[in-house]
Amino acid sequence: MMAVVETSRATRLEEGPAADLAVASLALARRFATGATMWCVAPQWPSHGRHVAVEFVHPVIVGTRALPAVSVDAADAAAAVRLAARPGDILLAVSSADDVCAADLLTRAGAWGLTSLWLGAGSRPSGSPADHVVWLEGVEPAVASRSGDLVLLYHLLWELTHVVFEHPGLLAPEPECTDEVCVTCADEGRVAEVSAVHPDGRVDVVVAGRREAIDASLVTPVAPGDLLLVHAGVAITTLRGAGS
Amino acid sequence: MSTEPTGFLYPFIEAEERDGAALVADLAHSARSKMADSRALRAATLDRCGDAIELAGTAMAACFAAGGRLLAFGNGGSATDADGTVDLFRHPPQGRPLPALSLVDDQAVLTALSNDVGFELVFSRQVIAHGQAGDIAVGFSTSGDSVNMLRAFEEASGRGLLTVGLCGYEGAAMAVSDAVQHCLVVRSESVHRIQEAQDALMLELWSTVQRHLAARGSP
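Residues numbered from 1 in each chain as written. Chains lettered and ligands numbered in written order. Predicted model: local features only at pLDDT ≥ 70, side-chain atom pairs only at ≥ 80, totals over all residues.

Draft legend 1. Up close: the overall build of chain B. A count of helices and strands for chain B gives 8 helices and 5 strands. Secondary structure of chain B in N-to-C order comes out as α-α-β-α-β-α-α-β-α-β-α-β-α. Relative to the globule expectation of 17 Å for 219 residues, the C-alpha radius of gyration of chain B, 19 Å, shows essentially globular dimensions. Taking the principal axes of the C-alpha coordinates as reference, chain B spans close to 60 × 45 × 30 Å. Within chain B, the fraction of its 219 residues that count as buried is 52%. Sequence-distant contacts in chain B: of pairs separated by 6 or more residues, those separated by 24 or more amount to 70%. (Helix = DSSP H or I, 4+ residues; strand = E, 2+ residues; numbered from the N terminus. Rg over C-alpha atoms; globule rule 2.2 N^0.38 Å. Buried ≥ 20, exposed ≤ 12 C-beta atoms within 10 Å, placed from the backbone. Contact = placed C-beta atoms within 7 Å.)

Structural data, given as structure tokens:
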């Protein structure tokens, strides 16, 4: 049988995610401070989605602030989060890197205007759609899921997030990019989700949480729910499910 | 690092600190320290409980070999550990899939029992419904004091189920209950570190069960 908890892999486990956890916790606390809700999904391991949500809603330490976190079933996650989440909310996915459902949701999170966090184990995702990636490398995902490694990651996320709350001066949101020629906002494509296709061919999308009319003539036909890359009001390509 | 429940109040962070980069560095330092704590506690717990795990795992394997099923329960985060355990036995990363039921995954049953007979009976009533001699009752509790857990173990023990409890602190009521035949205690006072170590204990138990079943040959 496999060796369950090997002390020999100690150093990798510590160094890998610690810095990423710190940065993600600061971002999370800043979002919570503005009233954000955290939507939690773990397609392969639904129990982890529920566990991380209950940590934030019902803290183990008496007197610690309860924070809004909701566990959603993977099968209905896109519909549920699209309808209920507000721009500025948080999407937390717990999975392995090859989880197509998690990657798809994290990609949509950008269109919906959510801050996204991908937490997992095994091979680190390449080209992640998430704003923050907290990853335990060098372990089998299925083993990490039950060895205490994965739950440790989100326990720490909760603990560090609450430490940030001890620093009200640091909770102000990071300044938004308002530069007209900013690379992120203007020169590169943005992920958009089709919300409506009108009979005359006009297409409405949601980009960064805002509804916009775009020119989709280069990528037609499209349907509600499709993900597009939009540049300067023009859809330049269709994103086929994240992970492909 | 303190293992007190208030150990998250990091003493090295000054109230007047206003530098985001400095805070991030402190957070990362804290994460490293707690990851080391968690790993050390898990390793020490597995080491100290080695004989108990072997005993419990051997008994569980005998139950499965004779057609027994595993029933898992717990409250809150421990309920998700119970669900995760059921998933581990049903869909193992390797080895033999084994029959396991969660007593925390049906909201109709949970709310009906809680509303009609009380939350302290929410697991024991399900043990009455589902448990048969030769089955295995597995309960997770960080405190070891949850009344509904103790009632479930008493019911299970009386009905001839094998009873396996995982708890923290000094084990509290579960550790001294005659109804809990195999009680695996994580010696920590941090709920989070206890849960992480309980996961490691259960994975090792599962691994032990698989090893014994493999040694027995085909079912």
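Draft legend 2. Representation of the confidence of the model for chain B in the model. All names here are of chain B. Confidence in the prediction of chain B, expressed as mean pLDDT, is 92, and 91% of residues score 70 or more. Note on residues 1-5: pLDDT under 50 across the span, and 13 contacts to partners over four residues away in sequence or across chains. Interface confidence for the predicted complex, given as ipTM, is 0.90, next to a pTM of 0.89. (pLDDT = per-residue confidence, 0-100.)

Draft legend 3. Structural detail: the packing of helix 2 (residues 50-65) of chain B against helix 8 (residues 191-216) of chain B. Residues and elements named next belong to chain B. Put simply, helix 2 and helix 8 touch, their axes get as near as 8 Å, and they point 55° apart. In terms of orientation, helix 2 and helix 8 fall into the oblique class. The two elements helix 2 and helix 8 meet at a crossing, and its hand is right-handed. Facing helix 2, whose interface residues are Ile 53, Glu 54, Ala 56, Gly 57, Thr 58, Met 60, Ala 61, Phe 64 and Ala 65, helix 8 presents Leu 201, Glu 204, Leu 205, Thr 208, Val 209, His 212, Leu 213 and Arg 216. Classifying every residue of the contact of helix 2 with helix 8 gives 10 nonpolar, 4 polar and 3 charged. (Axes fitted to C-alpha atoms, helices over the stretch in contact; angles between N-to-C directions. Parallel < 35°, antiparallel > 145°, perpendicular 65-115°, else oblique. Left-handed = near helix turned anticlockwise from the far one by under 90°. Nonpolar A, V, L, I, M, F, W, Y, C, P; charged D, E, K, R; others polar.)

Draft legend 4. View of the nonpolar core. The biggest cluster of nonpolar side chains holds 80 residues, and the ones touching the most others in it are Trp 39, Leu 91, Leu 92 and Leu 228 of chain A. The element best represented in this core is helix 6 (residues 149-164) of chain A, accounting for 11 residues. If we ignore the near neighbours within four places in the chain, the residues touching Trp 39 of chain A are Val 70, Val 72, Val 81, Ala 85, Asp 89, Ile 90, Leu 91 and Leu 92 of chain A. Leu 88, Ala 100, Val 180 and Met 202 of chain B belong to the second largest nonpolar core, which has 57 residues in total. (Core = buried A, V, L, I, M, F, W, Y, C linked by C-beta atoms within 7 Å.)

Draft legend 5. Representation of helix 4 (residues 107-116) of chain B in the model. Burial analysis of helix 4 of chain B places just 1 of its 10 residues in the buried class, a small minority of the element. One or two steps after helix 4 of chain B, the chain reaches Gly 118 of chain B, where phi turns positive at roughly 110°.

Draft legend 6. Inspection of the sheet that holds strand 4 (residues 115-121) of chain A at higher detail. Residue and element names in this part refer to chain A. The 5 strands lie next to each other as 2-1-3-4-5, forming an open sheet whose pairing is parallel. Edge positions in the open sheet fall to strand 2 (69-71) and strand 5 (132-136), since each of these has one partner strand only. The sheet shows a mean angle of 15° between the axes of neighbouring strands, direction not considered. As judged from the 3 bridges shared by strand 1 (residues 38-41) and strand 2, these two strands associate in the parallel manner. Within strand 2, the residue paired with Met 38 across the bridge is Ala 69. Helix 2 (residues 46-57) contacts strand 1, strand 2 and strand 3 (90-95) of the sheet and is inclined by roughly 160° relative to strand 2. Helix 6 rests against strand 3, strand 4 and strand 5 of the sheet, and its axis sits at about 150° to strand 4. (Pairing = 2+ DSSP bridges.)

Draft legend 7. Highlighting the environment of Thr 64 of chain A. Within the fold, Thr 64 of chain A resides in the loop between helix 2 and strand 2. Counting along the chain gives 18 residues from Thr 64 of chain A to Pro 46 of chain A, while the straight-line C-alpha distance between them is 25 Å.

Draft legend 8. Layout of the domain arrangement of chain A. Residue and element names in this part refer to chain A. As far as domains go, chain A holds domain 1 (10-170) and domain 2 (183-239). When each unit is reduced to the centre of its C-alpha atoms, the spacing between domain 1 and domain 2 is 27 Å. At the interface, 7 residues of domain 1 touch 9 residues of domain 2. Residues belonging to the side of domain 1 that touches domain 2 are distributed by class as follows: 3 nonpolar, 3 polar and 1 charged. (Domains from an automatic or database assignment.)

Draft legend 9. Region of the structure containing unusual backbone geometry. All names here are of chain A. Across the junction of Thr 220 and Pro 221, the peptide omega takes the value 0°, indicating a cis bond. Position of Pro 221 relative to the elements: it lies in the loop between strand 8 (210-214) and strand 9 (227-231). Although it is not a glycine, Ala 208 sits at a positive phi angle of roughly 50°. Looking at Ala 208, the number of C-beta atoms within 10 Å reads 15, which means it is partly exposed.

Draft legend 10. A look at the sheet that holds strand 4 (residues 162-167) of chain B. All names here are of chain B. The strand order 2-1-3-4-5 describes an open sheet built from 5 strands, whose pairing is parallel. This sheet does not close on itself; its edge strands, each paired only once, are strand 2 (100-102) and strand 5 (182-185). The sheet shows a mean angle of 15° between the axes of neighbouring strands, direction not considered. When strand 1 (residues 70-74) meets strand 3 (residues 136-141), the two strands line up parallel, connected through 5 bridges. Of the residues in strand 3, the one forming a bridge with Phe 73 is Gly 139. Most of the contacts of helix 3 (residues 77-90) go to strand 1, to which it runs at about 160°, and overall it touches strand 1, strand 2 and strand 3.

Draft legend 11. Representation of the interface of chain B and chain A. Counting from both sides, the interface comprises 44 residues of chain B and, opposite them, 43 residues of chain A. At the level of secondary structure, the elements contributing two or more residues to the side of chain B that touches chain A comprise helix 1 (20-48), helix 3 and helix 8 of chain B. Residues belonging to the side of chain B that touches chain A are distributed by class as follows: 20 nonpolar, 12 polar and 12 charged.

Draft legend 12. Layout of helix 8 of chain B. Residue and element names in this part refer to chain B. End to end, helix 8 covers 37 Å across 26 residues, agreeing with the expected 38 Å (1.5 Å per residue, within 8%). With respect to burial, helix 8 is a largely interior element, 21 of its 26 residues being buried. Two residues or fewer past helix 8, Gly 217 is found with a positive phi of approximately 90°. (Expected span 1.5 Å × (residues − 1).)

Draft legend 13. Quick look at the packing of helix 2 of chain A against helix 3 of chain B. Helix 3 of chain B packs onto helix 2 of chain A with a crossing angle of 170° between their chain directions and a minimal axis gap of 9 Å. For the element pair helix 2 of chain A / helix 3 of chain B, the angle class is roughly antiparallel. The residues of helix 3 of chain B that touch helix 2 of chain A, namely those facing Ser 47, Arg 50, His 51, Val 54 and Glu 55 of chain A, are Gly 77, Thr 80, Asp 83, Gly 84 and Asp 87 of chain B. Within the contact of helix 2 of chain A with helix 3 of chain B, the residues separate by chemical class into 1 nonpolar, 5 polar and 4 charged.

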